[in-house]
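Structural description and commentary
Listed below, chain by chain, are the residues.
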Amino acid sequence: SVERLAEAAGIGRATFYKHFRDKGELVTHLFEQVRREIVSAAGSWFEDASTTTRADMTRSLRGIIGVYREHHVILSAMAQTALHNEDVARLSSQMREELCQQSRKAVKQLRQAKRAHPQADDLIADILTLAIDHCSTLHPEMLQGRSFDRVVEAWVHISWNALATTQVDEQ
């Protein structure tokens, strides 16, 4: 609730409403910042995947999943708010669509460079992107402590083997 948010922030409700008209507007503002961080954290994977190595993918996924870990409270609030706020639901959907588009672009670049797994296509890119988003948003406990490295390596293994040809240098 707005009351609990204001209390947690150490401000009064009136101060909250001075800056935001409701919880949905706050979540939208915060979520936009998180979206930009996720895209930025993807690094070379979203910039030019044609020369991506497994190490590059590891850095990109570590960055992306790290943003989910760092902002799990915001992402959880967004998921809850999206259930009853059309603006937040639309923003959430737009972010997932943007991430899927970026992943499809990366797969296309791998295909053009003849470095893609033969079955890598837009659907696989979408499924991987949505699965990472879903798991990272709804199961933030998996990203805490030592399990973070294991989760990142699992996603790298799944993504690399689904998207890159076995002939690609894995270093």
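Quantities reported herein were computed from a predicted structural model and do not represent experimental measurements.

**Comments concerning the environment of Ala 106**
Tracing the chain through its elements places Ala 106 in helix α7 (residues 86–112). Of the residues examined, Ala 106 reaches a relative accessible area of 0% and is grouped as buried.

**Comments concerning unusual backbone geometry**
Of note in this structure, Lys 114 is not a glycine but carries a positive phi near 60 degrees. A residue is classified by how much of its surface remains accessible, and Lys 114, at 74% relative accessible area, is exposed.

**Overview of the nonpolar core**
In terms of nonpolar packing, the biggest core is built from 39 residues, with Ile 38, Trp 45, Leu 61, Ile 65, Tyr 68 and Leu 163 touching the most fellow members. Those elements that place two or more of their residues in this core are α3 (23–41), α4 (44–47), α5 (54–70), α6 (72–82), α7, α8 (122–138) and α9 (147–163). Beyond its immediate chain neighbours, meaning those up to four positions away, Leu 61 contacts Gly 66, Ile 132, Val 152, Trp 155, Val 156 and Ser 159.

**Let's talk about the side chain of Thr 81**
When you line up the elements, Thr 81 lands in helix α6. With near-sequence residues (within four places) excluded, Thr 81 lies in contact with Lys 23, Gly 24, Val 27 and Val 88.

**Focus: the confidence of the model for the chain**
Mean pLDDT over the chain stands at 90; residues scoring 70 or higher make up 96%. Here helix α1 (residues 2–9) stands out as the least confident element of the chain, with mean pLDDT 78; α9 is the most confident, with 97.

**Focus on the packing of α5 against α9**
α9 packs onto α5 with a crossing angle of 130 degrees between their chain directions and a minimal axis gap of 9 Å. Taken as axis vectors, α5 and α9 run oblique relative to one another. The handedness of the crossing between α5 and α9 comes out as right-handed. Contacts between α5 and α9 involve Arg 54, Met 57, Thr 58, Leu 61, Arg 62, Ile 65, Gly 66 and Arg 69 from the former and Phe 148, Asp 149, Val 152, Glu 153, Trp 155, Val 156, His 157, Ser 159, Trp 160 and Leu 163 from the latter.

Scoring rules and cut-offs
Residues numbered from 1 in each chain as written. Predicted model: local features only at pLDDT ≥ 70, side-chain atom pairs only at ≥ 80, totals over all residues. Heavy atoms only, no water. Helix = DSSP H or I, 4+ residues; strand = E, 2+ residues; numbered from the N terminus. Buried < 20%, exposed > 50% of the residue type's maximum accessible area, 1.4 Å probe, protein only. Core = buried A, V, L, I, M, F, W, Y, C linked by side-chain atoms within 4.5 Å. Contact = heavy atoms within 4.5 Å. pLDDT = per-residue confidence, 0-100. Axes fitted to C-alpha atoms, helices over the stretch in contact; angles between N-to-C directions. Parallel < 35°, antiparallel > 145°, perpendicular 65-115°, else oblique. Left-handed = near helix turned anticlockwise from the far one by under 90°.

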